[in-house]
Amino acid sequence: MDGRPISRNTLRSSGTLRRFDCSRPGAARVIDGDGMPGTFVFLKEEFQIDGVWGGIDLDASLRQLRAGIGSGGSTVSEAAFAALGATTVELSPVIVEQCEAVRTVARTATGVWTATLDIASREVTFLNEDTGQFETLAVRPEAGEQPAGSFSLELMGIPALETPRGNVTIDSVLVLLYLQQHQAGRELFGSVNAQDLQVTFEVCFGVLDEEAARLKAEAKAARSKETRTKTALRKAIEQRLEYGLPTPFDLDMQQETYSKTADRWVAERLQLADAIDQHRGVLTAREKEAAAGRKAVADAGAAADRAQQALAPLYERRALARHVQADAEAAVRGRTHCPDCEQPLHGLSGPGPLCPLCRQPDPGLPARQAARHEAVRKAKAASAAAEKDLRDLQQAAQKTVETRRTAEREAERLAGRAEAYRAKEITPREKALSQAAAAEAEARARLAEVKDRRKELVRIGELEKLAVSLSKRAEEAAKEWAAAEGDSQEHRLQTAKWLSQIFSDLVIPMAPDKIRTAVIDPKTFAPKINNRSLKQLARSAGLVSLAHTAYHLMCLEAARTMPLVRLPATQWLDAPFDGLGGGPEGEHLVNAALQVCAATAGDDAQIILTTPQALPASTIGLLVTEHDSTRPLIPHARAESEEA
């Protein structure tokens, strides 16, 4: 490259921008005339810190923020898109810790809108300064409400879509409008879902053919229905082969046979049920007798328990009588030993009755002895009476035990009699009844199978007709889809061709000695340089950075020259040249890229460029503001020392 400034005419054809007509698939023609202006232009960005608002003006077709390290360039750019509801940008600690709110002012086709992000609540309030309309929406709603990013897309004229193939969101569109500093030297679109990105490309570049998509879905549905019908027909035929290919007459005979068999088993089951009812009446009477026998056993057991309980006082009475008798007999025998030392007493002689203990004369001894003998007699009589009463009650208790045993034997006999009757008369009939019910169920099942086979004969005929009809419909749908897909692919290829021309016109002048060819892949809409993808160019950071810059400028140029492109003619490029390296070669590449940026700018578009390098002095409409660590982009941000 000779170092001469690149004029905008380099990117024009015969002094006018090329505006492509995409209104008709397959039609490729160039319309001369001025390009359409962008529908989303940044006017101002402000920050609320300690209740005070302050910020920077952004209104210009080409605004350069000459910012060095520590000036907050990336912080400001990310905050601008966060205020629009973007979720993938990461707010820096300066924003999170110091700012209460961030406000972005933009001019759209419907007026000037102010988007204010409340940092604490993560809600965005949109206000139309012309009409007074306002909306307050959450950045990440929880109950399915409209997110703030979708409203921002509406202001840009881009639909927020949710499709089975992917979604169009503020974050997927963001990668086409905002070149982030940390992405400048990497593969394109590394932070966005591939499916969402593909649908976003198709919508934003105007190649989403809804009619072709509808016909494709109809063709797939028709083919799927045809396949299901043919599968059902095949299975029905295979099932009929397993049955042995019965004729309608065969099925009629089988149906009559199984119907008669089922009726016969029904009659057998009813007869057995009547017999069981009769025998159950007899069994009920016998079970009542067995229950009465069990009650008699219980009554006899209770009587035996009561008799056993009555023996206890008589045992005590007998023991007491025996004790009294022993004491009386001891009193009659008199003392033969000393009550103190228990030595035998020596017999002493003397006139008259003597006391057997002290051997003194005792005239009352005969009377006492007579009384003692009487007491012995009475004690023996009482003991004998107690023995007799106890013996009589023991005999009565023994009789209650025998009665209980007799009742138990009778109860066992009655229970066995009832159980034997059940086993002999009822159980066999119940078993026969169960067998009859099972046989009836089997006959009914066979009858149902025969009826189903009759239905299958009719269904096979219907499936054959339906399969022919669906095959014809599937072929027609496939032809319709193929025709529409051909037109859609032609339109897609033509759009990629136009984008490739724009991209090539932009990126080759940046490094003509390094870049020979540059195209846009019609399948992925990703750029290729020298027939290599950006992933394959990863080792050459300079080429990757240039491709990033040129791709975003291509989006801007396409937005103002291609009517079907649904993108605002706005680009925010944050330090896009950081990966170009230093030295003479890096400086040469930066100067070339800056010249292309300057040549691409115009009154019908907006470029916001954050870079420490200066644009060519001859750039028309350039507004430059100088920033560094002592003059940050957020003018009233607190210094880090004040945060401590």
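Before any of the text, the structure's been laid out above.
Section: the overall build of the protein chain
For the protein chain, the helix and strand inventory stands at 11 helices and 18 strands. A buried classification covers 40% of the 644 residues belonging to the protein chain. Taking contacts inside the protein chain between residues at least 6 apart in sequence as the whole, the part at least 24 apart equals 70%. Total accessible area on the protein chain stands at roughly 34200 Å², and carbon and sulfur atoms take up 52% of it.

A short note on the side chain of serine 152
In this structure, serine 152 sits in helix H3 (residues 148-156). A residue is classified by how much of its surface remains accessible, and serine 152, at 0% relative accessible area, is buried. For serine 152, the residues in contact, after removing those within four places along its chain, are Leu84, Phe126 and Ile170.

Some thoughts on the nonpolar core
Phe205, Phe503, Tyr551, Met554 and Leu567 are the most contacted members of the largest nonpolar core, which has 102 residues in total. Looking at this core element by element, the count peaks at 12 residues for helix H9 (residues 541-561). In terms of nonpolar packing, the next biggest core, distinct from the first, is built from five residues, Ala307, Leu314, Leu390 and Ala397 among them.

Focus on the environment of glycine 149
By secondary structure assignment, the location of glycine 149 is in helix H3. On the basis of relative accessible area, glycine 149 is assigned to the buried category, the value being 3%. Counting along the chain gives 11 residues from glycine 149 to alanine 138, while the straight-line C-alpha distance between them is 8.9 Å. Every residue in contact with glycine 149, bar those within four places of it in the chain, is listed here: Leu84, Gly85 and Ile170.

Focus on the sheet that holds strand S13 (residues 518-520)
With antiparallel pairing, three strands are arranged side by side in an open sheet as S13-S14-S15. Each having just a single partner strand, S13 and strand S15 (532-533) make up the two edges of the open sheet.

A word on H3
Extensive coverage of H3 is indicated by the burial of eight of its nine residues. Those residues of H3 not exposed but buried are Ala148, Gly149, Ser150, Phe151, Ser152, Leu153, Leu155 and Met156. Looking at the buried positions of H3, the neighbouring elements they touch are strand S3 (40-49), strand S6 (99-108), strand S7 (111-118), strand S8 (123-128), strand S9 (134-138) and helix H4 (170-177). Where H3 ends, the next residue or the one after it, glycine 157, has phi of about 80°, a positive value.

Digging into the pattern of salt bridges
Should their charged atoms come close, side chains of opposite charge can pair. One pass over the full model with this rule turns up 25 salt bridges. Salt-bridge contacts for lysine 295 lead to aspartate 299; the nearest nitrogen and oxygen are separated by 3.2 Å. Of the two residues, lysine 295 and aspartate 299 both sit in helix H7 (residues 248-333), four residues apart, roughly one turn of that helix. Given a relative accessible area of 52%, lysine 295 falls into the exposed group. Residue classification places aspartate 299 among the partly exposed residues on the basis of a relative accessible area of 43%. Across the pair arginine 444 and glutamate 440 runs a salt bridge, and its minimum N-O distance is 3.7 Å. One end of the pair is arginine 444 and the other is glutamate 440, both in helix H8 (residues 365-507) and four residues apart, which spans about a single turn. According to the relative accessible area criterion, arginine 444 is partly exposed, its value standing at 37%.

Let's talk about unusual backbone geometry
The backbone of aspartate 50 shows a phi angle near 55°, a positive value even though the residue is not glycine. On the secondary structure map, aspartate 50 appears in the loop between S3 and strand S4 (52-57). Residue aspartate 50 is classed as exposed on the basis of its relative accessible area, which comes to 52%.

A word on the sheet that holds strand S5 (residues 62-67)
Hydrogen bonds along the backbone pair up the strands of a sheet, which may run parallel or antiparallel. Taken in spatial order, the five strands of this open sheet run S12-S16-S17-S5-S18, and their pairing is parallel. Of all strands in the sheet, those with a lone pairing partner are strand S12 (178-179) and strand S18 (622-627), marking the two edges. Sheet analysis places S12 next to strand S16 (residues 570-574), joined by two bridges and oriented parallel. The residue of S16 that forms the bridge with tyrosine 178 is tryptophan 572. Running over the sheet, helix H1 (residues 73-82) touches S12, S16 and strand S17 (606-610) and is turned about 145° from S16.

What counts as what
- Residues numbered from 1 in each chain as written.
- Predicted model: local features only at pLDDT ≥ 70, side-chain atom pairs only at ≥ 80, totals over all residues.
- Heavy atoms only, no water.
- Helix = DSSP H or I, 4+ residues; strand = E, 2+ residues; numbered from the N terminus.
- Buried < 20%, exposed > 50% of the residue type's maximum accessible area, 1.4 Å probe, protein only.
- Contact = heavy atoms within 4.5 Å.
- Areas by Shrake-Rupley, 256 points an atom, 1.4 Å probe, with all protein chains shown as cover.
- Core = buried A, V, L, I, M, F, W, Y, C linked by side-chain atoms within 4.5 Å.
- Pairing = 2+ DSSP bridges.
- Salt bridge = Lys/Arg side-chain N within 4 Å of Asp/Glu carboxyl O.
- Axes fitted to C-alpha atoms, helices over the stretch in contact; angles between N-to-C directions.

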